[in-house]
Amino acid sequence: MNQTNVHERRLTRAAEEGNLNRKYGFWIFLSSEFLIFAGLIGAFVMTRASVFRSTSSLEEFVQKWWEANTFSLALVSINTFVLLASSLFVVLAIDAARRDDQRGLVRWLAATIVMGVIFLGGQAVEYTLLVSEGHTYFNNADAFASAFFTLTGFHGLHVFVGTLICIGVLQRARKNAYWSGNFTTVEIFGLFWHFVDLVWVLIFTIVYLT
Amino acid sequence: MASISIPVRSQDKAKSGLLGWLATVDHKKVGLMYMVMAFVFFIGSGLLALIIRTQLAAPGMTLVDPNTYNQIFTMHGTGMIFLFTIPMLVGGFGNYFLPIMIGARDVAFPRLNAFSFWITLGAGLVMSIAFLVGDRSAAAWTAYVPLSTSTYSPQSGMDIWLLGLILAGIGSTLGAVNFMVTIFTMRAPGMTAWRIPMFVWAMATTAVMVLLATPVLTAALVMLVADRNFSTQFFTTSNARLWQHMFWFYSHPAVYIMVLPAMGVVSEVLPVFSRKPLFGAKAVVISTALIGILGFTTWVHHMFVSGVSPAIERFFIFTTMVIAVPTGVKMFNWIFTMWGGSLNLKTPLLMCIGFLSTFVIGGITGVIQAAGPVDSYLHNSYWVVAHFHYVLFGGSVFGIFAGLYYWAPKMVGRMFDDKLGKLHFVLMFFGFNLTFFPMHILGLEGMPRRIATYAGDRGWAAGNLVATIGAFTIALSILVFIINLVKIARSKEAAPADPWEGNTLEWMIPSPPPEYNFAVIPTVQSDRPALDARNGGVTPAAHH
Amino acid sequence: MAQVPHTSTEHAAHARHTSPVLVFVILTLFTLIEVGITLLGLPKASIVPVLLAIALVKASLVAMYYMHLRYEKIIFTLIFVLPTLFAVFLVTVLMIG
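Here the structure is a predicted model, which is why all the values come from computation and not from measurement.

Observations regarding the overall build of chain C
- When its secondary structure is counted, chain C shows four helices and zero strands.
- Secondary structure elements in chain C, listed N-terminal to C-terminal, are α-α-α-α.
- Looking at the 97 residues of chain C, the share that counts as buried comes to 38%.
- Sequence separation of at least 24 residues holds for 53% of the intrachain contacts in chain C that already meet a minimum separation of 6.
- Of the roughly 5500 Å² of accessible surface on chain C, 78% is carried by carbon and sulfur atoms.

What follows is the structure, encoded as structure tokens:
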């Protein structure tokens, strides 16, 4: 499609209503997702508390856990920075779509994908370190590893899915599908990505720092 | 412009035959499919209840062995809650009437809506196939750990049960998203907050509770699946209460998910059949919203004997007693709606009276056992069985039948036999009280719930026999209902668009409604648009 | 018609007042402060409330500016706040119960 035609494009009334509905729907869906994470964070907190209360061998384990943790704190901080930066890129991508800046949209979406992949790579390194120290999940997991891997893994799954969605949005953006009058899909992807970022902010503090 | 008119697209025209049902995205057809599905599971789970009652009719009966007995009450509870009550009220009534009552042509996401139904049906099939081919879960619908862990429930039926529950949760969550958006954005012009019908308010609150409670259960279910299959240790260490917290964080709100829509039905039926406006409509709406919020703050009262700290226990005793207040407000609203009205004593009204008189007992017993010290005596006794059946049968099921009789003419376009309906009501009302009232006494006498049989010298025989007679009376009443359904199907008497002189928008369109619901979207000018139309008010006629 | 220019000025104002880059810088600073506090090695009981408060501020910043809650209708904020309250309540009870 020709770029100069962009401002003559119009959405039907039904399509506009559909876009608004999708935005409402996605917010409501996110509120539900938030409670899944609340459940997993709650499970993590309660598991940690129960491990603290238990016998000395478990306390020993907890001590080892914290040592492993401080070791990976630098890595996790970098990952946090990466995810925060990716959120900024998504904001810039949406701004570009609002200004009909196709190249900017594509560029910032591509940057978001790169950040998502870096985050997942960082998480893979972290998991490898933990597994090498004997914290397994699928075979003979301990209580703490259970809660930790389930919570962070579920979040990582969201980053993974978000990255896939971003690739899809990028593909469509390259075909000029989004313009100033119709970028709800980019906005909704943005909502998802920011939500994943927001949850990470909480996980970072609750799991790694407190 | 007073109203917006959208031309009906040709591809939206109904396909005929079976494919028309399988491929439909029409909210009314989806709603009917939910209702049919739910009713089938109602019959199935009801038959399981009859086996339970037969086994307990006399001391020492050996109709089924204890393990089978456990499997049967597990499936009875699961089926009645997840595959009957919630799909019937939320999926069935919600889908069919919520869009019509707010003057919309469909829900916001019709295809997602159909998907919700099929995934819920999938959940039901997964659970019932696992039940029918054996290898069943026997850990009760609460699936407490460690009973439900791989150590004590090694059978794969437990995993299938968990999977089914996860699916049912996804189905109802997506449905709730759909309802919320529909209510937010698709109301007819003029339908301001206080003009939204009571049933729709109830559904909105229910949708919020589904949205915010279900995910926590889903998380717990996933964790239990991981525990059973991946060797994680969420529930195998010192953490047994974690399951109870997360389970009841869903399952206490679930009680309101099952009761609020029924309350919404009652709030619609009572004004119509009392020929009076709903008494204190705003109070009904506010108390609905309060129940919705407070419903999330009471779950620990299921865990008073599981060992919670005294401060937490006191807090939850308080909240549990407080939630009785908005419920009480509603009771008075309904009673004063009928007070001085010219009562049209048809089956829907009788069912509502059944609702009021039984639900109030369930509410009061709830306040009694909210007190921690009392609860530690009553916990896991037949008293609790009596209490929650007074809430969920006396509340939800009477509400469901009130709604079915009220809306049947609208949905199928024919009238039901009111005499048979009254017989149904009388049998069900007496059968219900016969079944569940003695259980209060049995509980106080110390009969624990979930036991497969009992010794003759316990003195529980008389109460149990009465309860069993009551259960078969309920079964008989359901048989009468089915005969009525057959008569409706054969009836030639077409129902008028508005047989009851109703208040809400569904009575302004033909029975059954056309696929597009409204030829012209009506403009709403009060909380009783159909009444306005009958009185020659300003609202234009919707069709023809 | 009066609504259209109003909306566009609102957008312009938002672009002027809260640059997303500024929000990003603040979020990064808060993160560094959090890590710094942790590395000081103070007793856990005294730093945990501070860390949780900072996390809450960060999460609110993401919701308000990145997810645009500040510029949307109030209903979106409600959709967001209610689950947050329930989530905090659940986690609190799990922690002390």
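Structure's up, so let's keep going.
Side note on the overall build of chain A
- The number of helices and strands found in chain A is five helices and zero strands.
- For chain A, the sequential pattern of α-helices and β-strands runs α-α-α-α-α.
- Here chain A, with 210 residues, has 62% of them falling under the buried criterion.
- Pairs at least 24 apart in sequence give 81% of the contacts found in chain A among residues at least 6 apart.

Things to note about the nonpolar core
All names here are of chain B.
- Formed by 273 residues in total, the largest nonpolar core has its most connected members in Phe-401 and Trp-407.
- When residues of this core are assigned to their parent elements, the largest contribution, 22 residues, is made by helix H7 (residues 240-274).
- Excluding anything up to four places from it in sequence, Phe-401 contacts Phe-42, Met-351, His-424, Met-428, Ile-478 and Phe-481.

Quick look at the packing of helix H6 (residues 198-230) of chain B against helix H4 (residues 74-96) of chain C
- As a packed pair, H6 of chain B and H4 of chain C sit with axes 11 Å apart at the nearest point and diverge in direction by 35°. The interaxial crossing formed by H6 of chain B with H4 of chain C has right-handed handedness. Here Val-208, Leu-212 and Val-216 of chain B of H6 of chain B come into contact with H4 of chain C, specifically with Leu-82, Pro-83, Phe-86 and Leu-90 of chain C.
- By residue class, the composition of the contact of H6 of chain B with H4 of chain C is seven nonpolar, no polar and no charged.

Side note on the interface of chain A and chain C
- Chain A puts 39 residues into the contact, and the matching count from chain C is 37 residues.
- Carbon and sulfur atoms supply 83% of the area that chain A and chain C bury against each other, a total of about 3400 Å² over both sides.
- Our enumeration of links across chain A and chain C arrives at one salt bridge.
- A salt bridge links Lys-23 of chain A to Glu-72 of chain C; its shortest N-O distance comes to 3.0 Å.
- Scanning the region where chain A abuts chain C turns up three residue pairs in polar contact (both at pLDDT 80 or more).
- If one sorts the elements of the side of chain A that touches chain C by residue count, helix H1 (residues 13-53) of chain A sits on top with 15 residues.
- Across the side of chain A that touches chain C, the residue classes break down as 26 nonpolar, nine polar and four charged.

Things to note about the confidence of the model for chain A
- Looking at chain A as a whole, the pLDDT averages 86, with 86% of positions reaching at least 70.
- For chain A, the element scoring lowest by mean pLDDT is helix H2 (residues 56-98) of chain A, at 78; helix H5 (residues 184-209) of chain A scores highest, at 94.

Some details on a positive patch on the surface
All names here are of chain A.
- Where like charges cluster on the molecular surface, the positive patch consists of Arg-22, Arg-172, Arg-174 and Lys-175.
- Along the chain, the position of Lys-175 falls in the loop between helix H4 (143-174) and H5.
- By relative accessible area, which is 67% here, Lys-175 ends up exposed.

Some words on empty space enclosed by the protein
Residue and element names in this part refer to chain B.
- A complete count under the given rule lists three cavities of 30 Å³ or more for this structure.
- Counted as a void, the largest cavity has a volume near 210 Å³.
- As for the largest cavity, its lining consists of 20 residues, of which Ile-86, Thr-120, Ala-168, Gly-171 and Ser-172 are closest to the centre.
- Only helix H3 (66-101), helix H4 (110-132), helix H5 (156-185) and H6 provide two or more residues apiece to the lining of the largest cavity.
- Take the lining of the largest cavity: its biggest share by element is seven residues, from H5.
- When the residues that make up the lining of the largest cavity are grouped by side-chain class, the tally is 10 nonpolar, 10 polar and no charged.
- Its volume calculated, the second largest cavity comes out at about 70 Å³.
- Lining the second largest cavity are Gln-71, Thr-74, Met-75, Met-127, Ala-130, Phe-131, Arg-136, Ser-137, Gly-157 and Trp-161.
- Counting only elements with at least two residues in the lining of the second largest cavity, the list comes to H3, H4 and H5.

What to know about a nonpolar patch on the surface
Residue and element names in this part refer to chain A.
- Judged by side-chain polarity, Leu-157, Phe-160, Val-161, Leu-164, Ile-165 and Ile-167 come together as a nonpolar surface patch covering roughly 490 Å² of accessible area.
- Among the secondary structure elements, Phe-160 is positioned in helix H4.
- Overall, Phe-160 belongs to the partly exposed group, its relative accessible area being 42%.

So, H7 of chain B
Residue and element names in this part refer to chain B.
- Helix length check: H7, at 35 residues, gives a terminal C-alpha distance of 51 Å against a target of 51 Å (1.5 Å per residue), a fit within 8%.
- Approximately 35° is the largest bend angle found in H7, and it occurs at Trp-248.
- With 34 of its 35 residues buried, H7 lies for the most part within the structure.
- Just downstream of H7, Arg-275 is the residue with a positive phi angle, here 55°.

Observations concerning the pattern of salt bridges
- Enumeration according to the criterion identifies 12 salt bridges over all chains in this entry.
- The salt bridge involving Lys-58 of chain C is made with Glu-34 of chain C; its shortest N-O contact spans 2.8 Å. Highlighted residues: Lys-58 of chain C in helix H3 (residues 44-66) and Glu-34 of chain C in helix H2 (residues 20-39), separated in sequence by 24 residues. Take Lys-58 of chain C and Glu-34 of chain C: they sit in the same class, and that class is buried.
- Three or more residues are tied together by salt bridges with common partners; here these are Lys-23 and Glu-187 of chain A together with Glu-72 of chain C.

Structural notes on the environment of Gly-372 of chain B
Residues and elements named next belong to chain B.
- Mapped onto the elements of the fold, Gly-372 is located in helix H12 (residues 372-378).
- C-alpha separation for the pair Gly-372 and Leu-423, spaced 51 residues apart in sequence, amounts to 41 Å.
- Filtering out sequence-adjacent residues up to four positions away, Gly-372 remains in contact with Phe-304, Glu-313 and Ile-317.

Description of unusual backbone geometry
- The omega angle of the peptide bond from Val-145 of chain B to Pro-146 of chain B is 5°, so this bond is cis rather than trans.
- Among the structural elements, Pro-146 of chain B can be located in the loop between H4 and H5.
- Its identity as a non-glycine residue notwithstanding, Asp-100 of chain A has a phi of 60°, on the positive side.
- Relative to the elements of secondary structure, Asp-100 of chain A occurs in the loop between H2 and helix H3 (102-132).
- Even without glycine at this site, His-68 of chain C takes up a positive phi of about 70°.
- Summarising the element assignment, His-68 of chain C is placed in the loop between H3 and H4.

Quick look at the interface of chain A and chain B
- Each partner contributes residues to the interface: chain A has 29 residues there, and chain B has 30 residues.
- With both sides pooled, the region where chain A packs onto chain B buries about 2400 Å², and carbon together with sulfur makes up 71% of that total.
- At the boundary of chain A with chain B, the tally comes to zero salt bridges.
- Along the contact surface separating chain A from chain B lie four residue pairs in polar contact (both at pLDDT 80 or more).
- At 18 residues, the largest contribution of residues to the side of chain A that touches chain B is made by H1 of chain A.
- Partitioned by chemical class, the residues of the side of chain A that touches chain B number 14 nonpolar, 12 polar and three charged.

What counts as what
- Every chain begins its residue count from 1, and numbering advances along the sequence as written.
- Just so you know, chain letters begin at A and ligand numbers begin at 1, following the order they were written in.
- Restriction of local features to residues with pLDDT of at least 70 applies here, the model being predicted, together with a cutoff of 80 or more for giving and counting side-chain atom pairs; totals for whole chains, interfaces and linings are based on all residues.
- For side-chain calculations, the full set of non-hydrogen atoms in the structure is used, while hydrogens and water are omitted.
- Every helix listed is a DSSP run of H or I at least four residues long, and every strand listed is a run of E at least two residues long, numbered separately from the N terminus.
- With a 1.4 Å probe rolled over the protein chains alone, any residue whose accessible area is under 20% of its type maximum counts as buried; one over 50% counts as exposed, and the rest are partly exposed.
- Throughout, a residue-residue contact means that at least one pair of heavy atoms, one from each residue, lies within 4.5 Å.
- Using a 1.4 Å probe, accessible areas were evaluated by the Shrake-Rupley method; residue-level cover was limited to the displayed protein chains.
- To form a nonpolar core, buried Ala, Val, Leu, Ile, Met, Phe, Trp, Tyr and Cys residues must be joined to one another through side-chain atoms within 4.5 Å.
- The axes are straight lines fitted to the C-alpha atoms, using for helices just the contacting stretch, and the angles between their N-to-C directions are given from 0 to 180°.
- Handedness of each helix crossing follows the sense of rotation of the near helix against the far helix: counterclockwise by less than a right angle gives left-handed, clockwise gives right-handed.
- When residues are grouped by polarity, Ala, Val, Leu, Ile, Met, Phe, Trp, Tyr, Cys and Pro land in nonpolar, Asp, Glu, Lys and Arg in charged, and all others, Gly among them, in polar.
- Buried area counts how much accessible surface, traced with a 1.4 Å probe, disappears from two parts once they are put together, with both parts' losses summed.
- Criterion for a salt bridge: a side-chain nitrogen of Lys or Arg within 4 Å of a carboxyl oxygen of Asp or Glu.
- Each polar contact in these results corresponds to two N or O atoms within 3.5 Å; when the atoms are within protein, one needs to be able to donate a hydrogen and the other to accept it, and residues that are neighboring in sequence are counted only if both atoms are side-chain atoms.
- Within a predicted model, pLDDT stands for the predictor's per-residue confidence, ranging from 0 to 100.
- Within this analysis, patches are made of residues with over 30% relative accessible area and no salt bridge. Like charges are joined at 9 Å or less; nonpolar side chains (Val, Leu, Ile, Met, Phe, Trp, Tyr) at 5 Å or less.
- When charges are counted, Lys and Arg are positive and Asp and Glu negative, with His and the chain ends excluded.
- All charge positions are set by atom: Lys at NZ, Arg at CZ, Asp at CG, Glu at CD.
- In the cavity and pocket records, a cavity denotes points on a 1 Å grid over the protein atoms alone where a 1.4 Å probe fits but cannot get out, a pocket denotes an open set with protein on both sides within 12 Å along at least 5 of 7 lines, and lining residues are residues with an atom within 4 Å of a point.
- Grid points are joined across faces, edges and corners, and a volume is the space filled by probe spheres set on the points.
- For a helix, the expected span equals 1.5 Å multiplied by the residue count minus one.
- Axes are fitted to the seven residues ending at a residue and to the seven starting at it; the angle between these axes is taken as the bend at that residue.

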